[in-house]
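Tertiary structure, described
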Amino acid sequence: MNFFDHITTSIKSLPAKGRRNGLKILSLSLGLSVSLVLLTKVCFEKTFDKFFEGSDRIFYVTETYVANGEEQGSGSTSGGIAPRMKEHFPAVEVATRWTPVTNDTKVILKEGDRKASVSRVILADTCFFKILDRPCLAGSLTEPLGMKGDAVVSSSLALRLSGNHDQLQAAQDILGKVFRLEDDVKGAEVVISGVFEDYPANSSLRPDVVVSLPSISMYGMYDGSDQLIGNDRYRTLIRLVDKNAAAQITDGMSAFIDHYLPREDRLEAGLKSFSVHPYSSYHDEDSNSRSMMLVLALVAMALLLTAVLNYILIVLSTSVNRSREMALRKCLGSDAADMYMMMSAESLVHTVLACLTAIVLIYASRGTIEDLAGTAVSNLFRGTPLMVSVAVVVLVFLVNAIIPAAMYSRIPVATIFRNFVAGNRVWKRALLAVEFSAVAFLGVLLSIISLQYDKLVTTDLGFDCVNTAIVDINGMSPSQKKSLMDDNS
């Protein structure tokens, strides 16, 4: 029999009594559905910001300063640092800076008062899209960011504002429209002069509206875009001519600081130095995020191991009846290669059915998954995460095929016809011990997480949270923050 004949036989034998095929497939599908979602979430997090052209040459700049006698770090810099770095370092190909305006507001068109919600509005200079590149769908993405009162918007916002369902047509329709932000008390009116394709979900920065940096005063903010010390509200990005040139930037940073920043001003502001870091690692800098990814990976591997061991142990539980079948096949001329082919065909059928069942389960639970994962299910199963999923499924298929086939091919024919009883229970107990260990690990881990969450939401904070608000002061310099704290102490 060839491999396809074995597949046909495996499909026909699915309802056979004593095989427990339904239990095998159900156990495998449950393990695959949960573990694949967790693994793809981890892989998805690792793909952040790696899709940009020359992503290995993009770096973000941080500063180190002294406040209250302690050395601290910040991801923001003064506005003039980016252009000065481009001017000073030959290794810097392009430099840009951007600063936030507001989050979670609404854009209101002047004509017709059409509204659309947006999650992030930023101010940026003309080099922004030269580093964090996106396709231009209409207008321009460079010149407008150098002109006061101009802005570019995302394609999804253009669709919502225009009411047109065609992306390219919506981009054209929205050009030249004037809008204002709902929460802008000054009511600054800005013209849409370009439309860019949305940033993907695995981008750390996904603005809906990018307003030109010269428009900063229109929103009542101090224009420190060329300031070298203070007003540290800007994020600085650079792209190097070569990814290995970061060492040159680090080595020359002292000379850069001495050349552009007077020592007395630096001491007064507490500024010490600047550092460059790969932008592709920006999303992983959060220690809480790294810990969460590690926990998810461990849970996924434990679930996957449990599912595979369940499958193998169910196969072994039917070894007495199946061994007689294998012995009869050997009597009819089958060799070890035939055993491996038959078990591979059976494993393939079961794995495919388990994957189909897992897809149905994931689709049925997509709402819950998207709430927990923070992104659409479709984003978890594309690109690198999808390839990892395929690799995991192939690995599961191979393990489920090779181990049972190796066991059956080693059983002597003569032993089968002497009332064979499954023996050698030591390794079976070992498999059970491994499975129980994995289950115990999951139980303990989930219990700890549950206790931590309960403590987080029920612990007395020592103060009344009613009428208490959080104010973002990341745009303020260290000296401004200190003055604010001194005034309210």
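Preceding block: the structure.
Residues numbered from 1 in each chain as written. Predicted model: local features only at pLDDT ≥ 70, side-chain atom pairs only at ≥ 80, totals over all residues. Heavy atoms only, no water.

The subject of this paragraph is the overall build of the protein. Assigned secondary structure in the protein consists of 18 helices and 11 strands. Evaluated residue by residue, the protein yields a buried proportion of 46% over its 489 residues. Long-range contacts, defined here as pairs at least 24 residues apart, represent 78% of the contacts in the protein between residues at least 6 apart. (Helix = DSSP H or I, 4+ residues; strand = E, 2+ residues; numbered from the N terminus. Buried < 20%, exposed > 50% of the residue type's maximum accessible area, 1.4 Å probe, protein only. Contact = heavy atoms within 4.5 Å.)

We now examine the nonpolar core. Of all hydrophobic cores here, the largest spans 33 residues; its most connected members are Leu28, Leu32, Val392 and Val396. The biggest single contributor to this core is helix α10 (residues 287-317), with 13 residues. Aside from chain neighbours lying at most four places away, what touches Leu32 is Leu304, Ala354, Cys355, Ala358 and Val396. If you look at the next biggest cluster of nonpolar residues, it comprises 29 residues, including Leu109, Ala116, Leu213 and Met221. (Core = buried A, V, L, I, M, F, W, Y, C linked by side-chain atoms within 4.5 Å.)

Here we take up helix α6 (residues 167-174). All of the buried residues along α6 are Ala170, Ala171 and Ile174. Buried residues of α6 fall within an arc of 100 degrees about the axis and therefore sit on the same side. Contacts made by the buried residues of α6 are with β3 (92-109), β5 (136-139), α5 (155-162) and β8 (190-196). (Arc of directions from axis to C-beta.)

Close approach of charged atoms allows side chains of opposite charge to pair. Enumeration over the complete set of coordinates arrives at 12 salt bridges. Two residues, Glu93 and Arg57, come together in a salt bridge whose shortest N-O distance is 3.1 Å. On the criterion of sequence distance, the pair formed by Glu93 in strand β3 and Arg57 in the loop between α2 (21-46) and β1 (58-67) is long-range, its members being 36 residues apart. Across the salt bridge formed by Asp125 and Arg97, the nearest N and O atoms sit 2.9 Å from each other. You can see Asp125 sitting in the loop between β4 (115-124) and α4 (128-131) and its partner Arg97 sitting in strand β3, a full 28 residues away along the chain. A residue is classified by how much of its surface remains accessible, and Arg97, at 10% relative accessible area, is buried. Sharing partners across several salt bridges, the network here consists of Arg57, Glu93 and Arg239. (Salt bridge = Lys/Arg side-chain N within 4 Å of Asp/Glu carboxyl O.)

For the rest of this paragraph, the subject is the pairing of strand β2 (residues 70-74). Note: β1 against β2, 5 bridges, orientation antiparallel. Paired with Tyr65 across the two strands is Gln72, which belongs to β2. Counted between consecutive antiparallel strands, the loop separating β1 from β2 contains 2 residues, among which Asn68 sits at a positive phi close to 55 degrees. (Pairing = 2+ DSSP bridges.)

Moving on: a nonpolar patch on the surface. A cluster of nonpolar residues, Tyr340, Leu386, Val390, Val394, Leu398 and Ile402, forms a patch on the protein surface that exposes about 470 Å² of accessible area. A per-element tally of the nonpolar patch places helix α15 (residues 384-409) first, with 5 residues. Mapping Ile402 onto the fold places it in helix α15. (Patch = residues over 30% accessible without salt bridge, like charges linked within 9 Å, V, L, I, M, F, W, Y side chains within 5 Å. Areas by Shrake-Rupley, 256 points an atom, 1.4 Å probe, with all protein chains shown as cover.)

This paragraph deals with the packing of α2 against helix α12 (residues 336-364). When two helices pack together, their arrangement is given by the angle between their axes and by how far apart the axes lie. At a closest axis distance of 8 Å, the pairing of α2 and α12 adopts a crossing angle of 55 degrees. In this view, α2 runs oblique relative to α12, as classed from their interaxial angle. Of the two elements, α2 crosses α12, and the hand of that crossing is right-handed. Judged by residue contacts, Asn21, Lys24, Ile25, Leu28, Ser29, Leu30, Leu32, Ser33 and Val37 of α2 engage Glu346, His350, Thr351, Leu353, Ala354, Cys355, Thr357, Ala358, Leu361 and Ile362 from α12. (Axes fitted to C-alpha atoms, helices over the stretch in contact; angles between N-to-C directions. Parallel < 35°, antiparallel > 145°, perpendicular 65-115°, else oblique. Left-handed = near helix turned anticlockwise from the far one by under 90°.)

Before going further, it helps to spend a moment on the environment of His88. Note that His88 resides in helix α3 (residues 81-88). Sequence separation between His88 and Ala255 is 167 residues, and the spatial gap between their C-alpha atoms is 9.6 Å. With residues near it in sequence (within four places) discarded, His88 still touches Gly252, Ala255, Phe256, His259 and Tyr260.

Turning to the packing of aromatic side chains, a few remarks are in order. Scanning the model with the defined rule gives 13 aromatic pairs in all. With a centroid separation of 5.0 Å and 85 degrees between ring planes, the pair formed by Tyr60 and Tyr282 is classed as edge-to-face. Taken together, the residues Tyr60 in strand β1 and Tyr282 in the loop between β11 (271-278) and α10 connect sequence positions 222 residues apart. Take Tyr60: its relative accessible area is 8%, and that puts it in the buried class. Judged by centre distance (5.1 Å) and plane angle (85 degrees), the rings of Phe128 and Phe129 are edge-to-face. What links up through ring pairs into an aromatic cluster is the set Phe51, Phe52, Tyr60, Phe128, Phe129, Phe196, Tyr199, Tyr279 and Tyr282. Sitting over the ring of Tyr311, Lys24 keeps its end group 5.9 Å from the ring centre. In this arrangement the basic side chain of Arg134 is found over the ring face of Tyr199, its NZ or CZ atom lying 5.5 Å from the centre. (Phe/Tyr/Trp six-rings, centres within 6.5 Å; stacked < 30°, edge-to-face > 60°. Lys NZ or Arg CZ within 6 Å of the ring centre and 35° of its normal.)

Residues other than glycine seldom take positive phi values, yet Asp49 does so here, at roughly 65 degrees. Assignment of secondary structure puts Asp49 in the loop between α2 and β1. Judged by relative accessible area, Asp49 falls into the buried class, the value being 1%. In this model, Asn231 sits at a positive phi of 50 degrees, which is unusual for a non-glycine residue. Relative to the helices and strands, Asn231 is located in the loop between β9 (209-212) and β10 (235-240).

A separate point is the packing of helix α1 (residues 3-12) against α12. Interaxial distance between α1 and α12 falls to 8 Å at its minimum, and their mutual angle equals 50 degrees. In terms of orientation, α1 lies oblique with respect to α12. α1 and α12 meet at a crossing whose hand is right-handed. Contacts between α1 and α12 pair Phe3, His6, Ile7, Ser10 and Ile11 from the former with Asp338, Met341, Met342, Ser344, Ala345, Glu346, Leu348 and Val349 from the latter. Split into classes, the residues belonging to the contact of α1 with α12 amount to 8 nonpolar, 3 polar and 2 charged. (Nonpolar A, V, L, I, M, F, W, Y, C, P; charged D, E, K, R; others polar.)

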